[in-house]
Amino acid sequence: MAQDQVTNGKKVHMISLGCSRNRVDAEVMLGTLGLKGYRVIEEPKDADAIIINTCGFIGSAKEESIETILSCGSLKEHNPKLKLVVTGCLTQRYKSQLAKGLPEVDFFVGTDEFPRIGELLEGEHKPGEIFAKRSHYIYNANIPRINTLYPHSAYVKVAEGCEHQCSFCIIPAIRGKLRSRPIDNIIQEVEKLAENGVKEINLIAQDLAAYGRDLKNDTSLLALLKALVKIDGIHWIRPLYIYPENISDEFLEFLATEPKLLKYLDIPVQHASDSILKSMRREINREGLNKIFAKLRTRIPDLAIRTSVMVGYPGETEDDFRQLKEFVAEQKFTHLGCFTYSKEEGTLAARLKDQVDEATALRRQEEIMLIQQSISRDFLAGYVGKEFPIIVDGVSEESD
C-alpha cells in the first residue's frame with residue numbers, strides 16, 4: 001500500500017488490513033517513520049522492518065491477519081535481522097495471546113500507541129513486548145501522514161471509538177468510547193491535503209452522525225461540513241458510515257443543496273426484521289428504515305445509497321430472513337454488501353442461544369447477493385449513455 005518516499009534510510013514495508021479507519025492509522029505510522037529516516041518500499045523481502053496493521057473485527061479478518069503475520073515471519077529465515085511488528089486492532093484485542101503464540105514477532109503495538117512506532121523500532125525492548133496501553137488517543141493535524149489512497153483522494157478520520165452498543169460488535173471494546181476531533185484541527189488537515197493536490201475528501205468514523213456529541217459544544221457533522229466546503233481546492237466531500245436513525249433534516253437539506261457534497265451515503269442497516277434489529281440492539285426498526293430511505297430519495301432523487309446487511313445472526317428464522325429479502329428487493333440499494341454473522345467472544349450476541357449454522361448463513365448470504373446482483377445490473381444499465389465528472393488517477397491494479 002506504500003511507495004518510496006525518500007532516497008536513503010532503513011527500509012520499511014507496511015501492510016494495512018481491514019477498514020479505511022485502520023488505513024488512516026497506517027498512514028500516520030508511515031508519516032512518523034519518515035521523520036525517523038525510514039524509506040517505505042513495496043517488497044517485503046527487501047525490508048529492514050515489516051509492519052502489519054491488523055484487523056480484529058470478525059473471524060475472517062482475524063484469520064487474514066494471522067496468515068499475513070506467519071507469511072511475513074517466514075522471511076526471517078533468510079533475513080534474521082528483519083524486524084516484524086504487529087499493530088492495530090488484533091493486538092489491542094488479544095495482547096497476551098498473540099505474544100505467546102507468535103514468537104517471530106519482535107513487538108506488538110495497540111490502537112493508541114501506534115504514533116510511537118518510530119521510536120519503538122529504534123529502541124531496545126524485550127522480544128514480543130507489548131505496547132498497548134489504553135490512552136483514548138486520536139491523531140491530529142500536527143502529526144505527519146502519508147496518503148496512500150490515490151493522489152487526488154484521501155480519507156480523513158474525524159472521530160475515534162463508538163457510542164453505540166450493538167450486540168454483535170466488539171469495536172467499542174477495542175477502540176474505546178466516542179472521541180471527536182475539534183473542527184479547527186480537521187480543517188488544518190484537509191487544507192494540507194488540498195495543498196498536496198487532494199481533490200476528494202472521504203470523511204470517516206464509526207458513525208459520522210455522532211461526530212461532536214462528546215465535545216458538549218456546538219460541534220456537529222453539519223457544522224464540520226459547512227466549514228470544509230469552504231476550503232479551496234477540495235471539489236468533492238463524501239460522508240461515509242452514517243447510522244440511519246441519526247440523519248437529521250438539517251443535514252439532509254445541506255446534502256441536497258451543497259454542490260461539493262457527493263450525493264452518496266453509506267448507511268449500514270444490518271437487518272430488516274424487527275425482532276432481529278431489537279436483539280442486535282439497533283436503534284431503529286423496519287418502519288423507521290423505510291421512512292428514512294423514503295425521505296432521502298424524495299429530497300435527493302439521484303442519491304446513491306450503499307448499505308450492509310448481516311445474515312445468520314443468532315435466532316434468525318426463515319421468516320426473519322424472508323423479511324430481509326423483501327426489504328432488499330424493495331429498497332433497491334445502489335450498493336449492498338452481505339456478511340455472515342461472526343460469533344465474537346466478549347459480545348452479547350455470542351452468549352445468545354439458537355446460533356445459526358454456517359451452511360445456513362452462507363446459503364442466505366448467496367440468496368441476498370443474487371437479489372442485489374439483479375438490482376445492480378439494472379442500475380448499471382441506467383448509466384449507459386450518461387456523462388459524469390470523474391477523477392482519473394491512473395490504471396487500477398484490478399484492470400492493469
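Residues numbered from 1 in each chain as written. Predicted model: local features only at pLDDT ≥ 70, side-chain atom pairs only at ≥ 80, totals over all residues. Heavy atoms only, no water.

Peer 1: Just checking my understanding: could you explain the overall build of the protein for this structure?
Peer 2: Along the backbone of the protein there are 13 helices and 14 strands. Counting only C-alpha atoms, the protein reaches 60 × 55 × 50 Å along its principal axes. Going through the 400 residues of the protein one by one, you find that 53% of them count as buried. Long-range pairs, those at least 24 residues apart, make up 75% of the contacts in the protein with a sequence separation of at least 6. Summing over all exposed atoms, the protein offers an accessible surface of approximately 19000 Å²; the carbon and sulfur share of this is 51%. (Helix = DSSP H or I, 4+ residues; strand = E, 2+ residues; numbered from the N terminus. Buried < 20%, exposed > 50% of the residue type's maximum accessible area, 1.4 Å probe, protein only. Contact = heavy atoms within 4.5 Å. Areas by Shrake-Rupley, 256 points an atom, 1.4 Å probe, with all protein chains shown as cover.)

Peer 1: Is there a simple way to think about the layout of surface pockets in this case?
Peer 2: Space left empty within the atom packing is revealed by a probe, the size of a water molecule, rolled over the atoms. Looking at the second largest pocket, its volume works out to about 330 Å³. Thr340, Tyr341, Ser342, Glu358 and Ala361 are, among the 16 residues lining the second largest pocket, the residues nearest its centre. Broken down by element, the residue count for the lining of the second largest pocket peaks at four residues, all from helix H13 (residues 358-383). Grouping the constituent residues of the lining of the second largest pocket by class yields six nonpolar, six polar and four charged. (1 Å grid on protein atoms, 1.4 Å probe; cavity = no way out; pocket = protein on both sides within 12 Å on 5 of 7 lines; lining within 4 Å. Points joined across faces, edges and corners; volume = space filled by probe spheres on them. Nonpolar A, V, L, I, M, F, W, Y, C, P; charged D, E, K, R; others polar.)

Peer 1: Just checking my understanding: could you explain helix H7 (residues 183-195) for this structure?
Peer 2: Counting along an α-helix, one turn takes 3.6 residues, and residues three or four places apart therefore face a common direction. Under the 1.5 Å per step criterion, the end-to-end length of H7 is 18 Å for 13 residues, consistent within 8% with the ideal 18 Å. When H7 is considered as a whole, its buried residues turn out to be Ile183, Asn185, Ile186, Ile187, Glu189, Val190, Leu193 and Ala194. Within two residues after H7, Gly197 carries a phi angle of roughly 100 degrees, on the positive side. (Expected span 1.5 Å × (residues − 1).)

Peer 1: Is there a simple way to explain a negative patch on the surface in this structure?
Peer 2: Taken together, the side chains of Glu42, Glu43, Glu397 and Glu398 make up a negatively charged region of the molecular surface. As for its position among the elements, Glu397 is in the segment after H13. (Patch = residues over 30% accessible without salt bridge, like charges linked within 9 Å, V, L, I, M, F, W, Y side chains within 5 Å. Salt bridge = Lys/Arg side-chain N within 4 Å of Asp/Glu carboxyl O. Lys, Arg positive; Asp, Glu negative; His and termini not counted. Charge placed at Lys NZ, Arg CZ, Asp CG, Glu CD.)

Peer 1: What exactly am I supposed to notice about the pairing of strand S4 (residues 83-88) here?
Peer 2: Two faces, one strand: in a regular strand the side chains alternate between the faces of the sheet. S4 sits mainly inside the fold: five of its six residues count as buried. Bridge count between strand S3 (residues 49-54) and S4: six bridges; the pairing is parallel. Directly across from Ala49, in S4, lies its bridge partner Lys83. As judged from the three bridges shared by S4 and strand S5 (residues 107-109), these two strands associate in the parallel manner. From the neighbouring strand, Val85 faces S5, where its bridge partner is Phe107. (Pairing = 2+ DSSP bridges.)

Any functional reading would require information that these geometric values do not contain.
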